[in-house]
Amino acid sequence: MSGGPAVRISIESSCEKQVQEVDFHGTETYVPPLSMSQNLTKLAQRIDFSQGSDSEEDGADGEPRDREWGKQETEEEEGTVKFQPSLWPWDSVRNNLRSALTEMCVLHDVLSVVKEKKYMALDPVSQDPNTPQVFQLISKKKSLATAAQLLLKGAEKLSKSVAENQENRRQRDFNAELLRLRSQWKLRKVGDKILGDLSYRSAGSLFPHPGTFEVIKNTDIDLDKKIPEDYCPLDVQIPSDLEGSAYIKVSIQKQAPDIGDLGTVNLFRRPQKSKAGPPWHLKLEAAQNVLLCKEIFAQLSREAVQIKAQIPHIVVKNQIISQPFPGLQLSISLCHSAGERKSSRASPEKPKPDDHLYVLEHNLHQMMREFHKQQLSSVVMPHPASAPFGHKRLRLAGPMAYDKAEISSLQQGEGVLEKIIKQAKHIFLRSRTARTIDSLASRIEDPQIQAHWSNINDVYESSVKVLITSHGYEQICKSIQLQLNIGVEQIRVVHRDGRVVTLSHQEQELQDFLLSQMSQHQVHAVQQLAKVMGWHVLSFSNHVGLGPVESIGNASAITVASLNGEYAISVRNGPESGCKVLVQFPRSQIKELPKSDAVQDAKWSQLRGPHREVNWSKMEGRNFVYKMELLMAALTPCP
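Below or above, wherever it landed, is the structure these notes cover.

Criteria and cut-off values
- Within each chain, residues carry numbers counting from 1 in the order of the written sequence.
- Side-chain atom pairs in this predicted model are given and counted only at pLDDT of 80 or more, local residue features only at pLDDT of at least 70, and totals for whole chains, interfaces and linings cover all residues.
- Water and hydrogen atoms were dropped before computing side-chain values, which therefore reflect all heavy atoms in the structure.
- Lining residues are those with an atom within 4 Å of a point, where the points come from a 1 Å grid over the protein atoms alone and group into cavities, where a 1.4 Å probe fits but cannot get out, or pockets, open sets with protein on both sides within 12 Å along at least five of seven lines.
- Grid points are joined across faces, edges and corners, and a volume is the space filled by probe spheres set on the points.
- By nonpolar core we mean a set of buried residues, namely Ala, Val, Leu, Ile, Met, Phe, Trp, Tyr and Cys, connected to one another through side-chain atoms within 4.5 Å.
- Relative accessibility under 20% of the residue-type maximum defines a buried residue, over 50% an exposed one, and the middle range a partly exposed one, all with a 1.4 Å probe and only protein chains included.
- Each helix corresponds to a stretch of at least 4 residues labelled H or I by DSSP, and each strand to a stretch of at least 2 residues labelled E; elements are numbered beginning at the N terminus.
- Two residues qualify as a contact provided that any one of their heavy atoms is within 4.5 Å of a heavy atom in the partner residue.
- Lines fitted to C-alpha atoms define the axes, with helix axes restricted to the stretch in contact, and inter-axis angles between N-to-C directions lie between 0 and 180 degrees.
- To sort the angles, those under 35 degrees are grouped as roughly parallel, those over 145 as roughly antiparallel, those from 65 to 115 as roughly perpendicular, and the leftovers as oblique.
- Each residue gets one of three labels, nonpolar for Ala, Val, Leu, Ile, Met, Phe, Trp, Tyr, Cys and Pro, charged for Asp, Glu, Lys and Arg, and polar for the others, Gly among them.
- A pairing counts as a salt bridge when a side-chain nitrogen of Lys or Arg comes within 4 Å of a carboxyl oxygen of Asp or Glu.

Section: empty space enclosed by the protein
So, step 1. All chains considered together, the criterion is met by one cavity of 30 Å³ or more.
So, step 2. What the largest cavity holds in volume is close to 30 Å³.
So, step 3. Around the largest cavity sit S199, Y200, R201, S205, F207, H209, L291 and E295, which together line it.

What about the nonpolar core?
So, step 1. Judged by nonpolar contacts, the single largest core of 42 residues is most densely connected at L198, L234, L284, I332 and L364.
So, step 2. Every element with two or more residues in this core is listed here: α5 (131–184), β5 (212–217), β6 (234–237), β7 (245–254), α6 (279–306), β10 (328–337), α8 (358–378) and α12 (416–443).
So, step 3. No other element matches α6, which puts eleven residues into this core.
So, step 4. Each residue touching I332, except ones within four places of it in the same chain, is listed here: I248, K249, V250, F297, L300, N318, Q319, I320, L364, L417 and I420.
So, step 5. Judged by nonpolar contacts, the second largest core, of 23 residues, contains V526, V560, V583 and F624.

Concerning the packing of α6 against α12
So, step 1. Closest axis-to-axis distance for the α6/α12 pair is 8 Å, and the angle between their directions is 90 degrees. Accordingly, the angle class assigned to the pair α6 and α12 is roughly perpendicular. Here α6 contributes Q299, L300, E303 and A304 to the contact with α12, which in turn contributes V416, L417 and E418.
So, step 2. Its residues placed into classes, the contact of α6 with α12 shows four nonpolar, one polar and two charged.

Here's the deal with the pattern of salt bridges
So, step 1. If you walk through the whole model with that rule in mind, you get five salt bridges.
So, step 2. E156 is the salt-bridge partner of K160, the closest N and O atoms lying 3.7 Å from each other. You can see K160 and its partner E156 sitting in helix α5, four residues apart, about one turn around the helix.
So, step 3. Given the relative accessible area of 48%, K160 is considered partly exposed.

Written out as structure tokens, the structure is:
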């Protein structure tokens, strides 16, 4: 054990009370614990006011003090932690008391020097009443100048930081807007410039206009002023010929008396709808629309010059004039407004009627896009590579020995102008048909004419179903039902029985046909009413060869007899002559019957007598069929 290393053993003192005395009986007497006042007195006795508080004195006397306190702790209480002077609670109290003593000593020395006057003498200074105010003003001025200088320096620094932040923000906004512009439009960098493309070349357009625009940074703003809400750090610069707004105007008008009356069509201002979006996007959309309108008008002008029509097309300035029907002209105009001032000058004082054919304008844009698509899809790389470009069947014309007719059939195709003229013819013919039917329906109350237009139509053909009925007798008068198929230059009428009649584009021809059908409807209505009333139909004819000749169609006639055969009614109806009704009574009811020497037998007296005309305008009834029903009911014998 003696040769081995020393082992340190830590002994912790117990927290029990100290034993003061042990009696002979074994009773232990403990030392009572100190009260708070006794403990305070004990700690105060440990203060050494003779010891200094400097760090050097503490450093020099640190070890003896530690030893002294350590000895006292060991003697007074075993097992407790040794006292550390740096953590002693009364150290600060001692230091404060020493500093207070030092200050009192200094104050005593100053007072003794002033009182004894051995080393220093104090004399009063003369006081000027105006001097303190001057000094106060000067001091205030200097302090204000110092404060103002500090504020100016701070404001200058703040303005510089704000300007730098705005410049950085503008740069970030410009990059963000440029990224947004690039996601919607084609851009490329040429040198130090950023150029964009407005044309439709990527979609198949062959228009030679370059359609380029330049992207520039918007610097027309003062950094010192407030930035407006609609400020955009990016701006675009488009060519001067694409500025403003443009549209294609298609209208059908009466033919001008002289071609010299035609001129440049003025652009009257359209109400523009406010669109949401950045200003550069709206400007680029308007410029691209101007470019497309110019391409459409250039294509139509080129086709108008190349097409050899019976009536040649005319191209005057920004107008293309065509004659679809005699007395009418189709006008296709390019209306372009380069700016606000020009448009305000060109706008007429009096508002013109809106004669636009918006359907044709929309179809023009659609056909131009289809033309782009055809141009884009028709260019196919030939195989082998030495074959010419173009349609595949044209490449086989040589090996397959096609003749002229087959090659011309491959190259046949309608242009945009021919298609739009055909559509204009169909639209005009359809509107004229509707106007004719509406005028007849408003002018003629009996019989009634109804038109049911089909919602599913073609650009070159429309259909309408025409019903001619009598009010209150729709269930029994269904004989006249017409299907009108309106084409480009003619109208095909399909009857209920399958008969087909072809009409031209003349309005009078359609009107005469409908009037003749309305005249025949009255006779057919009498036929159907006779069946319901129990009368017998003796004769019926849609085309009567007797009587006055009608200038519109032919007259129709019908003769019906009562159930017992005593009475007969004859009806003759014509488109121009109108309706004529005759009634034939029995001979027994005629008093002034002329006697005949040839007819002597009594059996001939049972025959009906001569016809008498009915004053049809004085008959009671709301329409023709109702009056005829009252007449048949009056002539029908009671059972």
